[in-house]
Amino acid sequence: MDNCDLEKLLVDGVKLCPPFQPEITLYTATVPSNISTVTLDLLTSDCGASYRILCGDGSRTVKLEDGLNQVDVEVTSEDGTLKKYSIELTKLLASEASLSALIIKRQQLHPAFSPDTHEYSCQVNFDRHVVTVEAQVPDHNMQVTVKEACSSGSVRLNVGDTLVTVNVSSPDGTNSQVYTILITQEQIPLAVSFCEMNDQMEFECPVSLSALYRPFSINQSDPKAVFSAPYIDMLTRRSKVHPFTDRPLGDSWKVPESELNNRMSSASVKCFFAHRGCESVLKLAEIGAHAKGCPNRPPVNLDTKEVTEMSWYKKHFTSSRSLEIETKHCLQVRNWEKRLQTAVDEGNIDDLCGHAESQIKLYQEQLPKPGDMMQYEAGHSPLDYLEQAAIHYATAIKFKPRDYKLHFLLGKTLEEYYYATEMYGLKKRVLEEDDQNLNEAQTTGRQEEILAICRLHGFLGTPTVENQLKALDKEFHQLKEQGQSGKADYVQTLFIWLSKKVGKDCKAGVCDEEGWLHRAFLKYLDAWSLSPEKWELNLQVGRLLLLQGKSREALQHLLSALALAPSQAVLRFYMGLAILQQDGVSVEEEREAILFLQQGLEYVMDQYFTSPDQDREQKQDAEYALSTVNVQFLRGCLSLGALLSKHMTSGQKICPVLVYHTVALFAARAVSMCVGWGELIQQLEWVLLDAHFALLEVLMQQQSMIRQVWIAQRCQALTALIRLACIAPCRELLDMQEKVCEVGVMTTPRSSTALCLLGLSQLAQYDSDPSSESGQAAMADACLSFQASIALEGSELTGDPPEQLTKQKWWRDHLAKEKKKTDRQASVKATEAAGPPEATAAGRAAGRGIRAVGRGGATAKSAASAPARGVRTAAAAKQSGQTARGAAAKSDGGGKSPAKASSKTQLFSCKSKQECSPPQAEPAAASVKEESSLSGASTPAIMNMKSHAPRLGLARALSRSSDSHQQACCLYEEVIAMAPEVHDAYIELANLLVKSDPLAAVDVYSRFPLKPVNEQTFDDAFITGEIVRILMKQELFDHPQLAPNLIAYGKVMGLSCLEKYIDILDGKFMTSLLKTVYAGIHDKSVDDEDLREFFRFKCWI
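The following paragraphs examine the structure supplied in this document. Note that the structure is predicted; figures quoted are calculated from it, not measured.

1. Some details on the nonpolar core
Part 1: Judged by nonpolar contacts, the single largest core of 196 residues is most densely connected at Val 207, Leu 284, Tyr 574 and Phe 633.
Part 2: Among the elements that take part in this core, helix H23 (residues 679–699) stands out by supplying 14 residues, more than any other.
Part 3: Of all hydrophobic cores here, the second largest spans 75 residues; its members include Leu 755, Leu 958, Ile 1030 and Ile 1062.

2. What to know about the sheet that holds strand S16 (residues 226–228)
Across a sheet, strands are paired by hydrogen bonds formed along the backbone, either parallel or antiparallel in direction.
Part 1: The strand order across the open sheet formed by three strands is S16-S15-S17, and the pairing between neighbours is antiparallel. Of all the strands in the sheet, just S16 and strand S17 (254–256) have a single pairing partner and so form its edges. Across this sheet, the average inter-strand angle for adjacent strands is 40°, counted without regard to direction.
Part 2: When strand S15 (residues 215–218) meets S17, the two strands line up antiparallel, connected through three bridges. Pairing of Phe 216 across the sheet is with Pro 256, part of S17.
Part 3: Sitting on the sheet, helix H2 (residues 229–238) touches S15, S16 and S17, and the angle it makes with S16 is about 100°.

3. Comments concerning the side chain of Asn 467
Part 1: Assignment of secondary structure puts Asn 467 in helix H12 (residues 465–481).
Part 2: Ignoring sequence-local partners within four residues, the contact set of Asn 467 consists of Cys 454, Phe 459 and Ser 768.

4. Quick look at the packing of helix H17 (residues 551–564) against helix H18 (residues 569–580)
Part 1: Between H17 and H18, the least distance of the axes is 10 Å, while the angle of their chain directions is 150°. As summarised for this structure, H17 and H18 are arranged roughly antiparallel, according to the angle between their axes. Between H17 and H18 lies a crossing of left-handed hand. Residues Leu 555, Leu 558, Leu 559, Ala 561 and Leu 562 of H17 form the contact with H18, whose own contacting residues are Leu 571, Arg 572, Tyr 574, Met 575 and Ala 578.
Part 2: For the contact of H17 with H18, the per-class residue count stands at nine nonpolar, no polar and one charged.

5. Describing the sheet that holds strand S1 (residues 6–11)
Part 1: On the basis of which strands lie adjacent, the open sheet formed by three strands has the order S1-S3-S5 and antiparallel pairing. Each having just a single partner strand, S1 and strand S5 (61–63) make up the two edges of the open sheet. On average, each strand axis in the sheet is tilted by 25° relative to the strand beside it, whichever way the strands run.

6. Some points on the pattern of salt bridges
Part 1: In this structure the tally under the stated criterion is 46 salt bridges.
Part 2: In this structure, Lys 83 and Asp 5 form a salt bridge, with 2.6 Å as the shortest nitrogen-oxygen distance. Here Lys 83, found in strand S7 (residues 82–91), pairs with Asp 5, found in the segment before S1; they are 78 residues apart in sequence, far enough to count as distant.
Part 3: The exposure class assigned to Asp 5 is partly exposed, which follows from its relative accessible area of 24%.
Part 4: Here the salt bridges do not stand alone but share partners, grouping Arg 334, Glu 337, Lys 523 and Asp 526 into one network.

7. Quick word on unusual backbone geometry
Part 1: Between Cys 17 and the following residue, Pro 18, the backbone shows a cis peptide bond with an omega angle of -5°.
Part 2: Within the element layout of this structure, Pro 18 appears in the loop between S1 and strand S2 (26–31).
Part 3: Here His 110 and Pro 111 are connected by a cis peptide whose omega angle stands at -5°.
Part 4: Unusually for a residue other than glycine, Arg 106 sits at a positive phi of about 65°.
Part 5: Locating Arg 106 in the fold gives a position in the loop between strand S8 (101–104) and strand S9 (119–124).
Part 6: For Ser 252, which is not a glycine, the phi torsion comes out positive at approximately 50°.
Part 7: In this structure, Ser 252 sits in the loop between H2 and S17.

8. Structural notes on helix H19 (residues 587–607)
Part 1: Compared with the 30 Å implied by 1.5 Å per residue over 21 residues, the 31 Å span of H19 between its first and last C-alpha is a close match.
Part 2: Across the 21 residues that make up H19, a large majority, 16, are buried.

9. Remarks on the packing of aromatic side chains
Part 1: If you walk through the whole model with that rule in mind, you get 25 aromatic pairs.
Part 2: With centroids separated by 6.3 Å and ring planes inclined at 35°, the aromatic side chains of Phe 113 and Tyr 179 adopt a geometry described as tilted. Here Phe 113, found in the loop between S8 and S9, pairs with Tyr 179, found in strand S14 (residues 176–185); they are 66 residues apart in sequence, far enough to count as distant.
Part 3: Since its relative accessible area comes to 25%, Phe 113 is described here as partly exposed.
Part 4: Aromatic side chains Tyr 313 and Phe 317 sit 5.7 Å apart centroid to centroid with 35° between the ring planes, which places their arrangement in the tilted category. You can see Tyr 313 and its partner Phe 317 sitting in helix H6 (residues 311–317), four residues apart, about one turn around the helix. Comparing Tyr 313 with Phe 317, the two get one shared label, buried.
Part 5: Each residue in the set Phe 126, Phe 272, Phe 273 and Phe 609 is aromatic and connected to the rest through ring pairs, giving one cluster.
Part 6: Stacked on the ring of Phe 216, the Lys or Arg Lys 254 has its end atom at 4.4 Å from the ring centre.
Part 7: For Arg 519, the ring lying beneath its charged end belongs to Trp 516, and the centroid distance is 5.2 Å.

10. Quick word on the pairing of S14
Part 1: Note that S9 and S14 share six bridges and pair parallel. What sits directly across from Val 124, in S14, is Gln 185.
Part 2: Where strand S13 (residues 161–169) lies against S14, nine bridges are found, and the strand directions are antiparallel. Residue pairing for S14: Asn 167 is matched across the bridge by Val 178.
Part 3: The turn linking S13 back onto S14 is made up of six residues, and Gly 173 within it adopts a positive phi angle of 75°.

11. Digging into the environment of Glu 186
Part 1: Structurally, the position occupied by Glu 186 is in the loop between S14 and helix H1 (197–202).
Part 2: You can call Glu 186 partly exposed: its relative accessible area is 35%.
Part 3: Each C-alpha atom, one on Glu 186 and one on Tyr 213, is 9.0 Å from the other, the two residues being 27 residues apart in sequence.

12. As for the environment of Asp 769
Part 1: With respect to the secondary-structure elements, Asp 769 resides in the loop between helix H26 (752–768) and helix H27 (773–791).
Part 2: Sequence separation between Asp 769 and Thr 464 is 305 residues; the distance between their C-alpha atoms is 8.2 Å.

13. Re helix H38 (residues 1042–1053)
Part 1: Taking 1.5 Å per residue as the helical rise, H38 with its twelve residues ought to reach 16 Å, and the 16 Å between its terminal C-alpha atoms agrees with that figure.
Part 2: The element H38 is largely enclosed, with a buried count of nine among its twelve residues.
Part 3: On the buried face of H38, the contacting elements are helix H37 (1018–1033), helix H39 (1059–1067) and helix H40 (1071–1081).
Part 4: Residue Gly 1054 follows H38 closely and has a positive phi angle near 100°.

14. Remarks on the packing of helix H8 (residues 349–366) against helix H10 (residues 404–423)
Part 1: Across the interface, H8 lies against H10 with an axial gap of 13 Å and an inter-helix angle of 20°. One element, H8, and the other, H10, form an angle in the roughly parallel class. Between H8 and H10 lies a crossing whose hand is left-handed. Between H8 and H10, the residues in contact are Ile 349, Cys 353, Ile 360 and Tyr 363 and Leu 406, Thr 413, Glu 416 and Ala 420, respectively.
Part 2: Its residues placed into classes, the contact of H8 with H10 shows six nonpolar, one polar and one charged.

Procedures and definitions
Residues numbered from 1 in each chain as written. Predicted model: local features only at pLDDT ≥ 70, side-chain atom pairs only at ≥ 80, totals over all residues. Heavy atoms only, no water. Core = buried A, V, L, I, M, F, W, Y, C linked by side-chain atoms within 4.5 Å. Buried < 20%, exposed > 50% of the residue type's maximum accessible area, 1.4 Å probe, protein only. Helix = DSSP H or I, 4+ residues; strand = E, 2+ residues; numbered from the N terminus. Pairing = 2+ DSSP bridges. Axes fitted to C-alpha atoms, helices over the stretch in contact; angles between N-to-C directions. Contact = heavy atoms within 4.5 Å. Parallel < 35°, antiparallel > 145°, perpendicular 65-115°, else oblique. Left-handed = near helix turned anticlockwise from the far one by under 90°. Nonpolar A, V, L, I, M, F, W, Y, C, P; charged D, E, K, R; others polar. Salt bridge = Lys/Arg side-chain N within 4 Å of Asp/Glu carboxyl O. Expected span 1.5 Å × (residues − 1). Phe/Tyr/Trp six-rings, centres within 6.5 Å; stacked < 30°, edge-to-face > 60°. Lys NZ or Arg CZ within 6 Å of the ring centre and 35° of its normal.

The following block contains the structure:
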């Protein structure tokens, strides 16, 4: 009697939303623009009930107007009960153009689709090179086209970014709307080998030395400089200057290179596993998908016989499954561990571990990315979550102290804490009073104290780390002899603090008893002492013992672990490292190390193409052991490259060049991931520089003219990386940079850029030891190099070396060695010519790879004989207003070098032809064609561009001596005229003038083209701050530059930076000036009522 439901509610040709149900009373639907009427199909649930259509004339046929049409259906039951159903029918306009849905199959759009949002982004894996785009329209009369898609809707992706454009046209053709999707493919994780050398040169990123990823060029750079997006972002976060020219970057300096990216994506490349026999040649965009299914991937299960057939295994493990290990460790609860045991959970181990795992997940979700502002709510930073995980594991140990797994998990958490603080710059005091982390001000203060001690002991300029440690050592012993033990102890503290900052690996971290890495090591030892038969525990203990230099003890753990799990690639890798660190390593043992290291590297390469669930247990147990941010692993790979160069064989599967390229890519990606500026980033930068240097060494063995251009590119890139590194100046870094710059000049002796870079490296050598004879020689050479660079501007790159270069000793030594080599080769040829015909033919065959002499009279091979005179690096640190960029002293990386190297950086060691081949192979005909096109008469001559850089370098060199200050001032003026946006020229010129003529220094600063105050940077604020400082010191309170610069400085740096100046002006009763400054900083008038109240309070009115 009271049933007033509809059993059926349909609108002809229209889909209701939601689908009809009797209890739902409100529905919506969209109607195409060409439909003017719709018909309702209604049926009541009760035959005694009736309905009435409350729309139009009440008939079931409803006439539609454009836009929203409300159709109500009133149902009346037999007893008079009423129920109303409503349908909102939206008739689309004929002029409307929009989508109702935009879908990329198996991917998620950001933001979520809305018809009114027209720009989207989407991330895909690196192994997806095709996606399907589905665009749906609310009106079938609308026309949709996906420009980049084929008929099936599939879109072929480029490497990096692909912009997909969806055009929607209205039914009447009067309007259209564009939707865009920026699809970003993940970076290819392994080094790419292009089939053509020209492609390898054009598409090589100067930082990673692999294929460019999302390439950007720098606006108005000539010649064009192209970088991968993650790496140029990394470099410009450190310093907003062009990496190659040091010119400040202007607005909109990043220019996307879409056309280059399109060409690169279609370029032919080899499979990542070509060294294992894969002969496939494919497009770069397809390499990820191919590699995932490549049949030549490394085997999942390594052959255990490779281990069990070795002599050490038969000796120690044939009759017994254990080896006597000299490690002695007692389980104990330490004070820092007791402070962690604070979780309240009544001893439920499973709950404690569950809470710890959930906290680690939250930590991973909160990790910052490069460029993020690291601001977190109290208790919700990544370290807070990691701390809670450590607390729960430590508390679980309290209730179950003999469970090795709990000790192991706490060790992993503490190691994660170490990497979190080092990679991401996260700092937090965690339940301990003796935290040794220094804030920035304390660090700066200690560095200034160290430099003051250096000056006391005759180390002037910018002393290297080695000289800083030497000065501290002298000061320590001197104070001890004088009986000042308190001061001596403090100097010893400075010595230890500095020593910890200069390693090329994590040795200092694991040896620091208060550090997180050492605490992780102790927990691994605790776990091992409870269960010494677990291979994963022996692995963790063994690898950290290697870092401490305890190679014999580490080897025992790793032998035991490998005997327990002979197929584990991670164990084999660290076994190879341990072998190399032993004394008196034989050739056979080195070959064994090659096998193990290669298998570990190949395992890491293969993991990028393995599903996340496959081999999950081994991945978890290995954790950081084979992580590409683990410096120990990366240094082990560098050792593998060196060993492969030493033991090159015809049957060798992997070549050293591929290893070095892989390490360079891994290190570049790791550095770009780092948010902080800790010791770990310096160690990763060392790996990147060493990989670059090794590849430059290999490239120098090639003797074709086209490679001279490539060598010049590599030298410029490596020099830029050294200059922008966080590493503190040390002898090894300075030597590396100078040698790289010398190579650049040997390759193109008439290159103005190469000579300028050489001058900067020579000036850095002088600054590191200005009072020594070698320092004075370096200064003379630097001036000559800068003068040669300036003199060559506007001239061709080809021709005779400049006169200023021929005056330098290292260049004369280089030519003398080249002459010796040429004479020796001529002698050999003469001997061969006098022999029998067979020998002569053989001689001709052997001599066929030696090609034309390079530009400037030196072959590429000739650089191999370059003198080993001090290789200098690191851009010249500015004498004033600038801190020197850091470098780390060399230490033993992940294993001893297979052959002991000289303390100086060695370049161009003798290598076999096979070893020196680049990662890609090009047909001989193509190579000849490339060389002929490079040197052909039709090719326009390359000219040296005019630049401010050599003038700035020469000005800096001349400013080091008071006798040449006037010349330096003239050169600074030239730089300002050529590049008015370069802050350094104004700052350094003003520093030369400020003592003798302070107002002249103010005039120099005042000429800097400052932007409007709200656009000024901290660099700009330095200039305004210096103007204020000089005028206040001279008490020139009425100077016209004082007020505007006080306002600009205060607006950028904050009022707190002006407090001392405000106090001085207040004491001098400069109330009018003070009111003007306060009003300017707050963008108000001096007559503003609120400000006047403040002025009354200050008694200024």
